Amino acid sequence: LEKLWKSGNEKVKPDTILYNAVIDAWAKSGKREAPKRAEAILQHMEQLSEEGLEDVRPSTISYTSVINAWANSREKGAAQRAEAILDHMLKLQEAGREECRPNTTCFTTAIDAWARSNDKDATTRAEALLEKMEELHKQGYKNTLPNADSYNAVITSFARSRDPGAPKRAEELLRKMEELYRQGNVDA
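I will try to describe carefully the structure that is included in this document. (Residues numbered from 1 in each chain as written. Predicted model: local features only at pLDDT ≥ 70, side-chain atom pairs only at ≥ 80, totals over all residues. Heavy atoms only, no water.)

Description of the overall build of the chain
Counting its regular elements, the chain contains 9 helices and 0 strands. The C-alpha extent of the chain, read off along each of the three principal axes, is 60 × 35 × 25 Å. Sorting the 188 residues of the chain into buried and exposed places 44% on the buried side. Here the contacts in the chain between residues at least 6 apart in sequence split such that 62% fall between residues at least 24 apart. (Helix = DSSP H or I, 4+ residues; strand = E, 2+ residues; numbered from the N terminus. Buried < 20%, exposed > 50% of the residue type's maximum accessible area, 1.4 Å probe, protein only. Contact = heavy atoms within 4.5 Å.)

So, in structure tokens, the structure goes:
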């Protein structure tokens, strides 16, 4: 499609929506190479955008789909890649790229990647991302309010952990969710 467009066929000009659909297809494919292919497409979008093709500028959806591809992967280092993409989004947003602003879904998907990983630091990383969400929300980023899925993903990481303190931490987080709900946060 891109080759057709570059050869002069304006009717097939690629855009962010098209690329996002392809990334999402890879993310949901279950194929071993899916996260690498999804990330390669995202990088291609970034390159085209830097070259001036604004119609393919990656959005929050683009990055979230790649985070999701890594979260669904069983590949070693998948959670680290998911978090690295989230960190990249934060840097882009700080540089003024509002269309890349991470939201609750981005963070929760990265937390879920840690919950699914067998990494010894999974619970620490999952909890740190939840705390980052809470911190950003307190700073005025309304679209990073943790929801029940966010908290449940961290609790899942505790459940999978072999840390003897994990059950207590999971229960503390559950109590926190209950308190937030009593305070009016119906999403917690």
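Now that the structure has been shown, we can carry on.
Structural notes on helix α6 (residues 104–116)
Helix length check: α6 (13 residues) gives 18 Å between terminal C-alpha atoms against 18 Å at 1.5 Å per residue, within 8%. Here α6 lies mainly inside the structure; 10 of its 13 residues are buried. Of the positions making up α6, those classed as buried are Thr104, Cys106, Phe107, Thr108, Thr109, Ala110, Ile111, Ala113, Trp114 and Ala115. For α6, the elements touching its buried residues are α4 (60–71), α5 (78–94), α7 (122–138) and α8 (148–160). The backbone nitrogen of threonine 105 has a side-chain oxygen 3.0 Å away, supplied by the residue at the start of α6, namely asparagine 103. (Expected span 1.5 Å × (residues − 1). Polar contact = N/O pair within 3.5 Å; in protein donor to acceptor, adjacent residues only side chain to side chain.)

Overview of the side chain of threonine 60
Inspection of the secondary structure assignment puts threonine 60 in helix α4. Not counting chain neighbours up to four residues away, the residues in contact with threonine 60 comprise Met89, Glu99, Cys100, Arg101, Asn103 and Cys106.

Structural notes on the nonpolar core
With 49 residues, the main nonpolar core has Ile67 and Ile111 as its most contacted residues. Elements that contribute at least two residues to this core include exactly α2 (16–29), α3 (34–50), α4, α5, α6, α7, α8 and α9 (166–182). Considering every element that reaches this core, the biggest residue donor is α5, with 8 residues. For isoleucine 111, the residues in contact, after removing those within four places along its chain, are Ala126, Leu129, Leu130, Met133, Ser150, Ala153 and Val154. (Core = buried A, V, L, I, M, F, W, Y, C linked by side-chain atoms within 4.5 Å.)

Considerations on the pattern of salt bridges
It is possible for side chains of opposite charge to pair when their charged atoms get near one another. This model, assessed by the stated rule, comprises 17 salt bridges. In this structure, arginine 116 and aspartate 112 form a salt bridge, with 2.8 Å as the shortest nitrogen-oxygen distance. Taken as a pair, arginine 116 and aspartate 112 lie in helix α6 at a separation of 4 residues, close to a single helical turn. Residue arginine 116 is classed as partly exposed on the basis of its relative accessible area of 31%. Across the salt bridge formed by arginine 182 and glutamate 179, the nearest N and O atoms sit 3.1 Å from each other. Residue arginine 182 and its partner glutamate 179 are located together in helix α9, separated by 3 residues, close to a single helical turn. Judged by its relative accessible area of 34%, glutamate 179 is partly exposed. Beyond isolated ion pairs, a larger network of salt bridges with shared partners links Glu54, Arg57, Arg97 and Glu99. (Salt bridge = Lys/Arg side-chain N within 4 Å of Asp/Glu carboxyl O.)

Brief notes about the environment of serine 157
Along the chain, serine 157 turns up in helix α8. By relative accessible area, serine 157 is classed as buried at 3%. In sequence terms serine 157 and lysine 142 are 15 residues apart; their C-alpha atoms lie 25 Å from each other. When near neighbours in sequence (up to four residues on either side) are disregarded, serine 157 contacts Ala115, Thr123 and Ala126.

As for the state of the cysteines
In total, this model carries 0 disulfides according to the counting rule given. Cysteine cysteine 100 remains unbridged, with the sulfur of cysteine 106 as its closest cysteine sulfur at 9.6 Å. (Disulfide = S-S within 2.5 Å.)

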